[in-house]
Amino acid sequence: MKVQLKPNEKKTVILKAEHLYKTYQTGNEEFHAAKDMSLDIYEGEFTVIMGSSGSGKSTLLYMLSGLDSVSSGSVYFKEQRIDQLSETQITALRSERIGYVYQSINLVPDLNLYENIALPGHVAGRSNKDIRTKALYLLKLMNIEEQRDRLPSQVSGGQQQRAAIARALINSPEVIFADEPTGALNQEQGTIILDLLTEVNRDGQTIVMVTHDIKAACRADRIILIKDGQIGGILELGKYKPEQLQSREQQIFSFIAGKE
Ligand SMILES: Nc1ncnc2c1ncn2[C@@H]1O[C@H](COP(=O)(O)OP(=O)(O)OP(=O)(O)O)[C@@H](O)[C@H]1O
């Protein structure tokens with residue numbers, strides 16, 4: 001089934017969720033981790049999903065990114081409904097059109113950084129020459145050229161995370177999903193990661209990121225707040241400028257406080 005996506009002013013919808021539910025059965029009780037969530041994600045935007053612990057952020061991210069099934073409702077990637085694809089179709093979509101920066105998708109411990117970054121290119125069946133050119137470009141962009149031959153265990157957490165972002169970008173995906181990409185890093189390394197994500201977004205990369213960190217959320221064009229498995233509110237911020245950091249933090253803080 002095809003859906004007519006309504007353009008919102010000049011924005012193009014890249015992902016659309018309609019009436020999403022995720023329901024878990026615990027004994028005789030049903031628990032809705034997502035309850036009737038409907039939302040749009042726009043192409044080229046940096047969207048941040050926030051909410052308190054257990055509110056349903058990861059549940060939403062996993063359903064939007066095709067990594068988890070939906071109990072009911074629908075998810076569209078551009079004009080294609082993706083929540084009902086076969087395993088083969090969803091695997092192709094994941095490997096060719098989506099990049100993941102998820103803690104559940106760790107770097108492979110016995111491959112060096114270069115090999116880790118190149119791996120999804122091989123899975124997608126691209127030529128060795130193409131993969132090599134892009135991997136070398138990304139190693140440079142992420143400033144981990146010198147570490148290219150080291151194993152993940154031989155580099156810092158920040159360098160591992162930069163390699164994970166490079167890996168997510170290797171197939172030039174239409175969307176990057178990131179789940180708390182700065183969660184395990186110190187502030188300095190976290191800022192480097194956020195600067196890199198901001199930079200690739202400026203170059204047109206669509207990003208959807210879950211975070212509980214207000215500083216990280218400042219990078220967003222738009223914040224979607226999740227509350228008790230539902231959309232609790234949306235804050236439009238526009239493109240990030242470093243000089244706005246403090247005023248944005250205040251704005252996001254007030255937005256969240258106002259929804260509690
Ligand atoms: N397999 C499962 N079975 C039952 N309940 C689950 C399952 N997975 C998640 N939940 C529940 O669904 C709710 C939403 O979980 P989710 O991981 O999406 O929250 P979150 O907002 O990402 O939290 P956090 O910030 O702590 O990571 C939580 O109450 C969680 O306990």
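Residues numbered from 1 in each chain as written. Predicted model: local features only at pLDDT ≥ 70, side-chain atom pairs only at ≥ 80, totals over all residues.

Undergrad: Tell me what's going on with the sheet that holds strand 6 (residues 98-101), and back it up with residues and numbers.
TA: The pairing of strands in a sheet comes from backbone hydrogen bonds and takes either a parallel or an antiparallel form. The strand order across the open sheet formed by six strands is 6-7-8-3-9-10, and the pairing between neighbours is mixed. Every other strand in the sheet has two partners, leaving strand 6 and strand 10 (230-236) as the edge strands with one partner each. Ignoring strand direction, the axes of neighbouring strands in this sheet form an average angle of 15 degrees. Both strand 3 (residues 46-50) and strand 8 (residues 206-210) contribute to a ladder of four bridges, which runs parallel. Looking across to strand 8, one finds that V48 is bridged to M209. Sheet strands touched by helix 5 (residues 157-169): strand 6 and strand 7 (175-179). Its angle to strand 6, the strand with the most contacts, is close to 170 degrees. (Pairing = 2+ DSSP bridges. Helix = DSSP H or I, 4+ residues; strand = E, 2+ residues; numbered from the N terminus. Axes fitted to C-alpha atoms, helices over the stretch in contact; angles between N-to-C directions. Contact = placed C-beta atoms within 7 Å.)

Undergrad: Can you explain the environment of D36? Please cite residues and give values.
TA: As for its position among the elements, D36 is in strand 2 (residues 29-42). The class for D36 is partly exposed, based on 14 C-beta atoms found within 10 Å. Distance from D36 to I231, taken between C-alpha atoms, is 8.5 Å for residues 195 residues apart in sequence. (Buried ≥ 20, exposed ≤ 12 C-beta atoms within 10 Å, placed from the backbone.)

Undergrad: Tell me about the packing of helix 3 (residues 113-123) against helix 5, and name the residues and values.
TA: Viewed as axis vectors pointing N to C, helix 3 and helix 5 meet at an angle of 30 degrees, and their least axial separation amounts to 7 Å. Between helix 3 and helix 5, the interaxial angle falls into the category roughly parallel. Considering only the axes of helix 3 and helix 5, their crossing is right-handed. Contact with helix 3, carried on its side by L113, N116, I117, L119 and P120, involves A163, A166 and R167 of helix 5 and no other residues of that element. For the contact of helix 3 with helix 5, the residue count by class is six nonpolar, one polar and one charged. (Parallel < 35°, antiparallel > 145°, perpendicular 65-115°, else oblique. Left-handed = near helix turned anticlockwise from the far one by under 90°. Nonpolar A, V, L, I, M, F, W, Y, C, P; charged D, E, K, R; others polar.)

Undergrad: Could you give me a rundown of the UniProt feature "domain: ABC transporter" (unreviewed entry) in the protein chain, with the residues and numbers involved?
TA: Within this numbering scheme, the UniProt entry marks residues 15-253 as carrying the feature "domain: ABC transporter" (unreviewed entry). Annotated as 36% helix and 28% strand, the span residues 15-253 places its first and last C-alpha atoms 27 Å apart. (UniProt positions renumbered as here; feature names shortened; annotations may be inferred.)

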